[in-house]
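Here are the chains, one letter per residue:
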Amino acid sequence: MKKRGKDHIKAQRMGRIRDGGICQICGGSGHTEGHHLLDYQFGGKANTDNIITLCRTCHDKVHRGIMDVFKL
Ligand SMILES: [Zn+2]
Ligand SMILES: [Zn+2]
């Protein structure tokens, strides 16, 4: 698998700062991480517009298809 570039890491960090480190689904501020709305593998851009901050729980649900981040 292709490694994430520096730009993506930077974009994730900037996205979390923009969102105040708060999960954009449940509002939790526990362990949050940046999620790519469009994965970089599918041409997702390495900028904050493509990043949403999610807690570990919601992030996991999004990736398992239980929760859809686009319906917010
Ligand atoms: Zn959450
Ligand atoms: Zn993700």
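Visitor: Before we move on, could you go through the overall build of the protein and cite the residues and values that matter?
Guide: In terms of regular secondary structure, the protein is built from 2 helices and 2 strands. Overall, the protein shows an N-to-C arrangement of helices and strands of α-β-β-α. Against the globule reference of 11 Å for 72 residues, the protein gives a C-alpha radius of gyration of 11 Å, in line with a compact fold. Overall, the C-alpha framework of the protein stretches about 30 × 25 × 20 Å when taken along its three principal axes. Across the 72 residues of the protein, 33% fall into the buried class. Taking the contacts inside the protein whose residues are at least 6 apart along the sequence as the reference set, 58% of them involve residues at least 24 apart. Of the roughly 5,000 Å² of accessible surface on the protein, a fraction of 53% belongs to carbon and sulfur atoms.

Visitor: Would you mind going over helix α1 (residues 6-18) in detail, with residue names and values included?
Guide: End to end, α1 covers 18 Å across 13 residues, agreeing with the expected 18 Å (1.5 Å per residue, within 8%). Within α1 the residues assigned to the buried category are His 8, Ala 11, Gln 12 and Gly 15. Buried residues along α1 cover an arc of 100° about the axis, so they all sit on one side. When the buried face of α1 is taken as reference, the exposed residues oriented beyond 90 degrees from it are Lys 6, Lys 10, Arg 13 and Ile 17. Considering only its buried residues, α1 is in contact with β1 (32-36) and β2 (51-55).

Visitor: An account of the pairing of β2 is needed here, citing residue identities and associated values.
Guide: In terms of residue burial, β2 counts as a mostly covered element, since 5 of its 5 residues are buried. Of the strand pairs in this sheet, β1 and β2 are connected by 5 bridges, and their pairing is antiparallel. Opposite His 35, over in β2, you have Ile 52 as the bridge partner.

Visitor: Go over the coordination of the zinc ion (ligand 1), please, and point to the residues and values.
Guide: Of the protein atoms, only Cys 23 (SG), Cys 26 (SG), Cys 55 (SG) and Cys 58 (SG) coordinate the zinc ion (ligand 1), at distances of 2.3 to 2.4 Å. Given 4 donor atoms and angles of 104 to 115° at the metal, the environment of the zinc ion (ligand 1) is assigned as tetrahedral. All donors to the zinc ion (ligand 1) come from one chain, and their sequence spacing reads C-x2-C-x28-C-x2-C. A residue pair is termed long-range when its members are at least 10 positions apart, and Cys 26 in the loop between α1 and β1 and Cys 58 in helix α2 (residues 56-63) qualify at 32 residues. Taking the relative accessible area as the measure of exposure, Cys 58 reaches 5% and is therefore buried.

About the criteria used
Residues numbered from 1 in each chain as written. Chains lettered and ligands numbered in written order. Predicted model: local features only at pLDDT ≥ 70, side-chain atom pairs only at ≥ 80, totals over all residues. Heavy atoms only, no water. Helix = DSSP H or I, 4+ residues; strand = E, 2+ residues; numbered from the N terminus. Rg over C-alpha atoms; globule rule 2.2 N^0.38 Å. Buried < 20%, exposed > 50% of the residue type's maximum accessible area, 1.4 Å probe, protein only. Contact = heavy atoms within 4.5 Å. Areas by Shrake-Rupley, 256 points an atom, 1.4 Å probe, with all protein chains shown as cover. Expected span 1.5 Å × (residues − 1). Arc of directions from axis to C-beta. Pairing = 2+ DSSP bridges. Donors = N, O, S within 2.8 Å, 3.2 Å for Na, K, Ca; no water. Tetrahedral: all angles 85-135°; square planar, octahedral: opposite > 155°, others 65-115°.

The values are spatial; any link to function lies outside them.
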